[in-house]
Amino acid sequence: MKQEDLTFIQNQVGYNFKNPDLLQQAFIRRSYSKEYGGEDNEVLEFIGDKVLDFVIVKLLAEKYGCLLNDYEYFNSNEEFNEFSCSKTEAELTEIKKRLVQKKTLADRIDALDFADYLIMGNGDVQNNVNQSPSVKEDLFEAIIGAVALDSEWNMDALQDAVQIMLDPDSYFEENQDENYVELIQEWTLRRYGTVPHYQFQKTSSPMHLTTLSNVLSPNRCNLESRYICLLKLGDMNAPFKSIGASKNEARKAVCALAYKELERNNLLFSIRDEIPNPNIDDAISQLEILARRGYFSIPFYEFEQTYDRSGNLLWKSVCYIDEIDKHFCSQSSSKKYAKKQSAYHMLMYVLEY
């Protein structure tokens, strides 16, 4: 693996390896080691699987629970300082299951753009196994296992790596805040066809942060702000910078900063950018594209046969979308064309032309 590849992966993981061989091993499939010798990533995967479970449980306990005398019941008359949790055991189990399931881990490997770095034997290469969800799941766990060994089981390093790689905030069901990490990921992929590039720096002095020009908000400049995150977006000259008490918090802050800056400069994609050439012939499929990209639900149509004054058959088509109060109707001797017309009128409306 090239040095620039190792550097990119470490930046995306948020952990700098003392022994980069461990990181490379996390990407080596058994098929490669059988053909060329050396160690593979299977034991690292086993270690990472157990570490991931532990860190996720820790995150859930911190998010949903507390000791009664440590938080809302501070200075209360409670006789016992017990652990209280806003979620039941069954609810925590379900959230944990969603966070560590194969699809979630495979999707995150795609978001990190790591699958193409897998080191595989000839058979795996020919069968494109790097696109298998199971293989991506194994890779995710192997990287966490490598971090565990390299950091000598340092809990801060492990929690940072899991939070940055997994982005658990996007999977918490009651999370109502904008997920700027995800929004920046989507914007960068659409704009440049690449993932965002992150770099983390540790600072021991909050005074150093006053030199940063792109700090999200003054209230973040406190004694707990221990990390700086730099975010590079495509061909933009200067990286965005922000700070946080952890690497994950710093990353969330810099993504929020970057997103708001893109919004301020009218660089965000709008619904019009989704359909560069709206036209009547493609209107039905173009409306469906917008629906599948989350702008609204799938359009539906109602048809009615009517007649003109000469007694000729006419088809009336009405286009509806659940979230939109207005509906649009058209008439034509062709049922298909009537549908296209009603879809086109709706398309022009949602695109605000």
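What this report covers is the structure whose coordinates are included nearby. Since the model is a prediction, treat every value here as computed from it, not as a measurement.

## A closer look at the sheet that holds strand E5 (residues 240–244)
Across the sheet, which stays open at both edges, the three strands sit in the order E3-E4-E5 with antiparallel pairing between neighbours. Lying at the two open borders of the sheet, with one neighbouring strand each, are strand E3 (197–202) and E5. Adjacent strand axes in the sheet meet at a mean angle of 25°, parallel and antiparallel pairs treated alike. Summarising the sheet, strand E4 (residues 227–232) and E5 pair through five bridges and their orientation is antiparallel. Paired with Leu230 across the two strands is Lys241, which belongs to E5.

## Brief notes about the sheet that holds strand E8 (residues 328–332)
Strand pairing in a sheet relies on backbone hydrogen bonds. The paired strands run either parallel or antiparallel. A sheet is described by the order of its strands in space; here three strands give the open sequence E6-E7-E8, paired in antiparallel fashion. The open sheet terminates on both sides in strands that have one partner only, identified here as strand E6 (300–307) and E8. Sheet twist, expressed as the average angle between the axes of neighbouring strands with direction ignored, equals 20°. Summarising the sheet, E6 and strand E7 (residues 313–320) pair through eight bridges and their orientation is antiparallel. Bridge pairing in E7 places Tyr301 opposite Cys319.

## As for the nonpolar core
Counting residues in each nonpolar core, the largest one holds 47 residues, and the members touching the most others are Val13, Ile56 and Phe114. Counting residues per element, the ones that place at least two in this core are helix H1 (3–13), helix H2 (20–26), helix H4 (42–64), helix H5 (89–100), helix H6 (102–112), helix H8 (133–150) and helix H9 (155–166).

## Comments concerning unusual backbone geometry
Not every positive phi belongs to a glycine, and Asn266 is a case in point at roughly 55°. Residue position: Asn266 is located in the loop between helix H11 (247–264) and helix H12 (271–274). The phi dihedral of Glu352 is positive, around 65°, even though this residue is not glycine. The residue Glu352 is located in the segment after helix H14 (335–350) in this model.

## Digging into the pairing of E4
Of all six residues making up E4, five are buried, and the element is well covered by its neighbours. Where E3 and E4 come together, six bridges link them in antiparallel fashion. By the bridge assignment for E4, Lys202 is matched with Tyr227.

Criteria and cut-off values
- Residues numbered from 1 in each chain as written.
- Predicted model: local features only at pLDDT ≥ 70, side-chain atom pairs only at ≥ 80, totals over all residues.
- Heavy atoms only, no water.
- Pairing = 2+ DSSP bridges.
- Helix = DSSP H or I, 4+ residues; strand = E, 2+ residues; numbered from the N terminus.
- Axes fitted to C-alpha atoms, helices over the stretch in contact; angles between N-to-C directions.
- Core = buried A, V, L, I, M, F, W, Y, C linked by side-chain atoms within 4.5 Å.
- Buried < 20%, exposed > 50% of the residue type's maximum accessible area, 1.4 Å probe, protein only.

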